[in-house]
Amino acid sequence: MQIAKSILLLVTIISIGCSRTIPPALTDATVQVICELSDNIAMVGEPESLSVFDDGFAVISNPGKVLLFDFNGNQTRELGRPGNAKYEYNLPYIIRSHKDSIYLWSANSLKFIVFSKNGIPHSEYKYTSAIRDFLPTDSLMFIYTSGTRDNNIIDIYSKEAHSVIDSVSSPTEEHLTLLSKSSVAPIVKIGDNILFSPKDQMSMIKYNLVTRATDVEYNISSDTFIVDNVKDSEVLLSSRNRMLDYLMKNSFTVSIIADKSNHKILTLEGEEEDDRANRRISYEKRYYTIYDIESGAPLAYYRYTSLAPQYLFSEYNGSLYFLKRTLDSVKGERYYLCKLLI
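Residues numbered from 1 in each chain as written. Predicted model: local features only at pLDDT ≥ 70, side-chain atom pairs only at ≥ 80, totals over all residues. Heavy atoms only, no water.

**Q** Explanation requested: the pairing of strand E27 (residues 319-328) in the structure shown.
**A** Note that strand E26 (residues 313-316) and E27 share 4 bridges and pair antiparallel. Across the sheet, glutamate 315 pairs through a bridge with leucine 320, a residue of E27. Following E26, the chain reverses through 2 residues before pairing antiparallel with E27; asparagine 317 in that reversal takes a positive phi of roughly 55°. Of the pairings in the sheet, the one linking E27 to strand E28 (residues 332-340) comprises 8 bridges and is antiparallel in character. For threonine 326, the partnering residue across the bridge sits in E28 and is arginine 334. If you look at the hairpin formed by E27 and E28, you'll find 3 residues sitting between the two strands. (Pairing = 2+ DSSP bridges. Helix = DSSP H or I, 4+ residues; strand = E, 2+ residues; numbered from the N terminus.)

**Q** Can you walk me through the layout of surface pockets in this structure?
**A** The rolling of a water-molecule-sized probe over the atoms marks out the regions of remaining empty space. Reported here for the largest pocket is a volume of approximately 740 Å³. Together, 32 residues line the largest pocket, and Leu135, Lys189, Glu315, Tyr316 and Asn317 are the ones closest to its centre. Those elements that place two or more of their residues in the lining of the largest pocket are strand E3 (49-53), strand E7 (92-98), strand E11 (131-136), strand E15 (187-190), strand E20 (252-257) and E26. The residue inventory of the lining of the largest pocket, partitioned by class, reads 15 nonpolar, 8 polar and 9 charged. (1 Å grid on protein atoms, 1.4 Å probe; cavity = no way out; pocket = protein on both sides within 12 Å on 5 of 7 lines; lining within 4 Å. Points joined across faces, edges and corners; volume = space filled by probe spheres on them. Nonpolar A, V, L, I, M, F, W, Y, C, P; charged D, E, K, R; others polar.)

**Q** Please explain the nonpolar core as it appears in this structure.
**A** Grouped burial of nonpolar side chains is what soluble globular proteins tend to show. If you look at the biggest cluster of nonpolar residues, it comprises 50 residues, and the most contacted ones within it are Tyr288 and Phe313. Apart from residues lying up to four places away in sequence, phenylalanine 313 is in contact with Leu50, Val184, Val254, Leu266, Tyr288, Leu307, Ala308, Leu320, Tyr321 and Phe322. Counting 16 residues, the second largest nonpolar core, distinct from the first, contains Val168, Ala185, Ile187 and Phe196. (Core = buried A, V, L, I, M, F, W, Y, C linked by side-chain atoms within 4.5 Å. Buried < 20%, exposed > 50% of the residue type's maximum accessible area, 1.4 Å probe, protein only. Contact = heavy atoms within 4.5 Å.)

**Q** Could you clarify how one ought to interpret the side chain of histidine 175 in this entry?
**A** Tracing the backbone shows histidine 175 in helix H2 (residues 173-178). Here the side chain of histidine 175 touches lysine 199 through a polar contact of 3.0 Å, landing on its backbone nitrogen. When sequence neighbours within four positions are dropped, the list of residues in contact with histidine 175 reads Tyr144, Ile153, Pro198, Lys199 and Asp200. (Polar contact = N/O pair within 3.5 Å; in protein donor to acceptor, adjacent residues only side chain to side chain.)

Written out as structure tokens, the structure is:
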């Protein structure tokens, strides 16, 4: 029985090639440091989500708190409080913003809580599954699905009806597997359109808010964006070691940058290595790539360490912001809000 199980696990992954493409020449990303966060947020838990909004504020969530900072690095407010009552959160996970409202996904209570910028909660929306990310608009929320709702890539949630009113785009087994890797999702709003990509391919899919039509806008191929085929994601998920190995060695899409001239997509490529001798993961062969969506050409290859973990990015107004972690010999662990300059 054990032999049969091992054989089954072996055939769930079919590699596209025998070896990974040799990483291209890497550079450090050129960035603008917006500010150093005045409070040591690492003291209350490592940041898990970032959202930049309103031309001068950033919201950060970690396992126990939701904190609002201005662009001078000053913590101006703590939003909400933990608990299980209305407007209270249990494991604040993903933070997003729209106009003057701040949206929080409370992972353990499976609900969205909406705050005004002055910290007053005013709305709550229940959802029946785990999620990977979401994008709020005036009347809808576009949920990048995970968990029990992963039969489609996007759920369209009506705030008025408090329910899902549509779902779009069927996922592949590779997409479902890569969802297990913590990361922001490639999804943005541009005018009357929502643009998003699956995790396993650089396909730009457009959903029109007016017509509700879905179209594939672009398909980008790359020798360095490599995703191994998966025959059965559920079988792969049953083996922790194989799952971790897959997630460490495969590429995936991270974010869409919607500037005015031409859109770009950020991917994570290469592979991580398990440096067991030093009890750490090595990112020397991991790197971020920026692609021009229209031409499909790579614009730059950035060392992983010159940016941020793949879950600490925030696209806002055509720019990509992120939280940069440093170790200071005097101050200890510090965080800086930065903007990528492309």
